[in-house]
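Listed here are the chains, written in short residue letters.
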Amino acid sequence: MPQDQTPSDALTDEDKREIDGEDFQFVLKALVDAYRPILEEDLKRARDIEALKKEAERKPPACEDELQLANRLFEGLFTEEVALKLLPAEGREILGPVDRWRWCLLHIRCCTIFGWLVCRGPRTFRAFVYYLYRYWICVRQAVGAPVSTPLTPDERRDFQTLVEAFAGAYKPYLTDQLASVEFPLGIPDEVVDGKIDCFEGGDIIGQVFDRALKPEVAEALLGREAFAKHAQEPFFWFCRCWCLCAIRFGCCLARARNLIDVLFCLLFYWRCLRRCFGPLICEIVEPNGCAEEGEIPAAGILRGVEIKGTATGAFCDHYTLAWRQGGIGPFKTVGIKYPGGAAQGACGVVGATLGFLETFPHVPPGPVEIQLCLFPTQGSPQCCSIVFELQRNLVWIRGLEGIEAAEPPGIFDPTAQLEDGAGTVRSFGTGLHVFGSADVRGCTGRDIRRYTLSYHPGFVVDPALPGFVQFWRVDYNTPLQIEAGNNNRFEEALTARWRQFNWPPGVCSPVWNWLQQVRWSTQVPQSFPIEPSEPASLCPPPALWSSTPLPLSNCQSGRYTLRLTVEDTGGNVKHDLQQVWFDNKDIHGKIDQIAGVPPCATINLSQFAMSSGDCAVAWPAALVGIAYDEYIEEGNLARPSDNFGGYLIRIKKDGGPWFDVPLPGPGGPPWGPPFVATTRVGDPGVRCATAVPPPGVIPPRTPGILAMLDFRRLDRLCNPAEPALTLERTHIGPNGELVPGECCGYIIHLRVWDTSICPSLSAGRHQVEDFFPICICNDLRR
């Protein structure tokens with residue numbers, strides 16, 4: 001039901017006089033007479049169950065049945081006599097002879113039937129469109145422009161326009177419902193406090209039509225020629241207002257449980273029609289006082305306020321909204337949005353949503369004036385305004401260092417994960433910044449007091465849940481801290497500390513008014529100065545406090561929920577949550593041997609070339625070791641618990657450059673990519689023993705094959721393309737002397753990494769390296 005259609009205010013003394021009036025009684029009797037035969041038929045069926053069963057077998061339910069029932073129910077209600085009794089005197093006067101407005105009456109019949117049908121049946125928007133189609137056919141018939149069979153291209157285009165307009169008008173309702181489902185935390189309190197009852201959402205269909213029935217839609221509804229003809233009528237605006245009342249009337253009747261409800265529906269319809277002819281009513285009721293900006297999903301607004309009030313009255317064509325800061329200067333329209341995305345507001349709004357003001361980033365906090373102007377089809381516009389205080393409310397964790405670009409609605413979704421540009425959930429480790437916004441101000445007595453950051457083991461969605469551990473705190477204690485702009489932490493590092501600034505130079509008068517970003521260590525505690533002691537003859541050291549690392553009992557790894565809490569000087573508290581995977585577990589990389597030969601030993605190429613030195617056959621040598629990264633959660637093999645990045649192997653001759661080794665090998669010649677392997681090799685035989693969940697049975701240390709080296713690559717005869725890597729064979733010199741093969745020291749380099757984002761590490765990730773020295777001799781002969 002609309003806001004003014006609840007039983008609590010239905011029967012005032014004035015209403016009772018209206019109900020007792022001759023005209024109302026006439027219309028009520030016509031309405032009850034329409035219901036009587038239908039009720040009597042059902043009563044007859046209730047007395048004869050067998051006859052009911054046989055009737056049901058003969059005629060199963062069909063879509064046409066409810067259309068026939070609607071026509072039957074409302075046929076007697078839309079006579080000219082009933083219409084004249086229903087309308088106020090002003091309506092009868094402006095309409096004039098019935099021949100002029102008979103088309104309007106037939107149109108209103110369609111509106112009533114549509115409201116009745118659509119509130120009885122649709123479960124989806126697709127079903128809504130079915131009823132919209134029947135409504136369109138009814139209206140075209142009413143205005144003397146019946147649709148063709150099949151539809152002409154113009155008619156098909158008109159219906160498409162109609163559906164698109166109603167889709168846009170319907171979307172805010174669906175968006176609002178989705179927001180309620182995704183963030184239901186406040187709904188239980190509203191139910192318990194009586195703010196939500198059985199009348200909740202009762203005027204949804206009426207609001208959809210309010211948003212949808214714009215001039216361009218009216219043309220598609222009536223047809224171009226009919227619209228051009230009837231739009232010139234002086235009462236055309238009233239037909240729209242009457243139609244909106246009729247839709248609500250039909251919807252109310254569809255939900256009526258008994259004839260008492262039917263009487264109330266007629267009373268609400270009676271009121272609605274009289275508002276159409278009342279004087280222009282311009283009133284804004286919200287926002288008022290101290291209004292806090294918030295998310296408005298239905299309007300696609302990240303931070304804004306809803307504007308509620310009344311814009312109605314005789315000849316009212318449309319309304320506009322505007323705002324200005326502190327009541328000074330010209331009014332602005334930037335940031336103003338109307339229901340359904342319309343370019344202006346449609347009159348007929350009573351105590352409901354007029355539009356929205358997207359306050360961020362358009363409107364500064366503090367005093368704001370909103371103006372509502374009503375434009376009638378004749379006469380001058382009428383304007384009214386309201387002044388309120390806008391409370392800035394930018395409280396969210398945007399992301400962590402490395403992924404700072406989470407976009408709404410992700411930043412308001414407590415279950416949203418931090419993903420990279422490819423949509424992959426990432427894990428984080430070591431020291432990092434927490435980015436976001438902590439900006440609350442605007443209303444008198446509601447400046448920022450402090451903000452804190454806390455963590456909770458596991459993924460949680462309730463910021464009030466016990467178990468959060470505070471690890472960061474920034475207090476705003478001095479006027480300069482509050483007023484110098486440092487309280488506006490917007491889209492920057494929340495992990496920041498105050499820095500001291502002395503003025504004038506040489507005088508100890510420390511003022512903490514500069515926030516400098518500092519990384520939060522997820523591994524070790526940190527201590528920072530947060531406020532100075534009282535100035536003395538010499539500046540004493542400031543007090544210290546400690547940041548809190550993730551608990552060692554969980555090896556600084558696992559699923560965690562971060563909480564940003566912002567408190568203002570009025571005691572109001574705001575929270576935002578962000579779920580994060582932390583990874584500070586060890587990564588393992590070690591080369592044990594080459595084909596059984598330990599580091600620092602000597603090997604001969606003839607051991608692998610089988611003495612023949614045939615370059616056409618590979619000379620394989622297994623490089624054995626470990627490349628392993630512990631899972632964040634043991635047993636969880638999905639990303640990001642499994643965030644193993646890969647490993648690479650390089651080799652160089654003493655004094656020469658590095659050469660990448662093909663993996664898994666042996667490859668060549670030429671020895672090209674791939675040079676990176678992405679599969680773990682071996683097992684280090686160690687785990688974080690106190691991890692949650694526990695690692696279970698830890699297998700023994702088990703090395704595996706990291707690569708199959710091809711030693712042909714180190715022989716100059718087989719690989720003349722890489723002289724800086726190869727060794728010359730034993731050969732006869734230019735003077736007939738025997739020149740022995742070369743021996744040289746080599747280093748094999750293993751690098752293993754994961755995909756965790758670790759900004760405080762030079763590599764930006766967890767990474768381990770190992771170097772394997774070996775002496776290699778080419779004892780082959782050429």
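Residues numbered from 1 in each chain as written. Predicted model: local features only at pLDDT ≥ 70, side-chain atom pairs only at ≥ 80, totals over all residues. Heavy atoms only, no water.

## A look at the state of the cysteines
Quick note on the threshold: By disulfide we mean two sulfur atoms from cysteines, separated by a distance within 2.5 Å. Note on conventions: DSSP H or I runs of at least 4 residues are helices, E runs of at least 2 residues are strands, and numbering of each starts at the N terminus. Per-residue accessibility, obtained with a 1.4 Å probe over protein chains only, is compared with the maximum for each type, and a residue is labelled buried under 20%, exposed over 50%, and partly exposed between these values.
The final tally for this structure, using the stated rule, is 13 disulfides. Across the disulfide from C245 sits C272; the S-S distance is 2.0 Å. Taking the sign of the torsion about the S-S bond as the criterion, the disulfide between C245 and C272, at about -80 degrees, is left-handed. One end of the pair, C245, is in helix α14 (residues 236-255); the other, C272, is in helix α15 (residues 259-276), with 27 residues separating them in the sequence. By relative accessible area, C245 is classed as buried at 2%.

## Some words on the nonpolar core
Definition in use: Nonpolar cores are built from buried Ala, Val, Leu, Ile, Met, Phe, Trp, Tyr and Cys residues. Side-chain atoms within 4.5 Å join them into one set. In this description, contact between two residues means that some pair of their heavy atoms is separated by no more than 4.5 Å.
In this structure, Y135, W242 and Y269 are the most contacted members of the largest nonpolar core, which totals 91 residues. Of the residues forming this core, the biggest block, 14 residues, is contributed by α14. Discounting chain neighbours no more than four positions away, the residues touching W242 are A83, L87, L95, W101, C104, L105, I108, Y269, L273 and C276. Grouped together as the second largest cluster of nonpolar side chains are 38 residues, A627, F644, C744 and F772 included.

## A short note on the sheet that holds strand β24 (residues 587-594)
Defined as follows: Pairing between strands requires that DSSP locate at least two bridges from one strand to the other. The axes used here are C-alpha line fits, helices contributing only the stretch in contact, and every angle between their N-to-C directions lies in the interval 0 to 180 degrees.
Pairing is antiparallel across the open sheet formed by 3 strands, whose spatial order is β24-β26-β30. The strands lining the two open edges of the sheet, one partner per strand, are β24 and β30 (704-710). Ignoring which end each strand starts from, the neighbouring axes of this sheet average 25 degrees apart. Note: β24 against strand β26 (residues 620-629), 7 bridges, orientation antiparallel. Across the sheet, the residue bridging to Q593 is V624, located in β26.

## Focus on α14
The line we're drawing: Any helix carries an expected span of 1.5 Å times its number of residues minus one.
Here α14 contains 20 residues, and its C-alpha end-to-end distance of 29 Å stays within 8% of the 28 Å for a straight helix at 1.5 Å per residue. Burial within α14 is extensive, with 16 of its 20 residues counted as buried.

## Some words on the packing of aromatic side chains
For clarity, the threshold we go by: Ring pairs shown here join Phe, Tyr and Trp side chains whose ring centres sit within 6.5 Å, with only the six-membered ring taken for Trp; geometry is labelled stacked below 30 degrees between planes, edge-to-face above 60, and tilted in between. Criterion for a charge above a ring: Lys NZ or Arg CZ within 6 Å of the ring centre, and within 35 degrees of the ring normal.
Summed over the entire model, instances satisfying the criterion amount to 29 aromatic pairs. Judged by centre distance (4.9 Å) and plane angle (35 degrees), the ring pair of F114 and Y135 falls under tilted. Remark: Y135 occurs in helix α8 (residues 125-142) and F114 occurs in helix α7 (residues 98-120); sequence separation between them is 21 residues. When the centroid spacing of 6.1 Å and the interplanar angle of 45 degrees are considered together, the rings of F128 and F166 count as tilted. Remark: F166 occurs in helix α9 (residues 153-182) and F128 occurs in helix α8; sequence separation between them is 38 residues. Relative accessible area serves as the criterion here: at 1%, F128 is assigned to the buried category. Here the aromatic cluster, defined as three or more aromatic residues joined through ring pairs, consists of F114, F125, F128, Y135, F166 and Y170. Over the ring of W270 we find R274; its NZ or CZ atom is 3.7 Å from the centre of that ring. For the cation-ring pair, R680 lies above Y628, with the distance from its terminal atom to the ring centre recorded as 5.5 Å.

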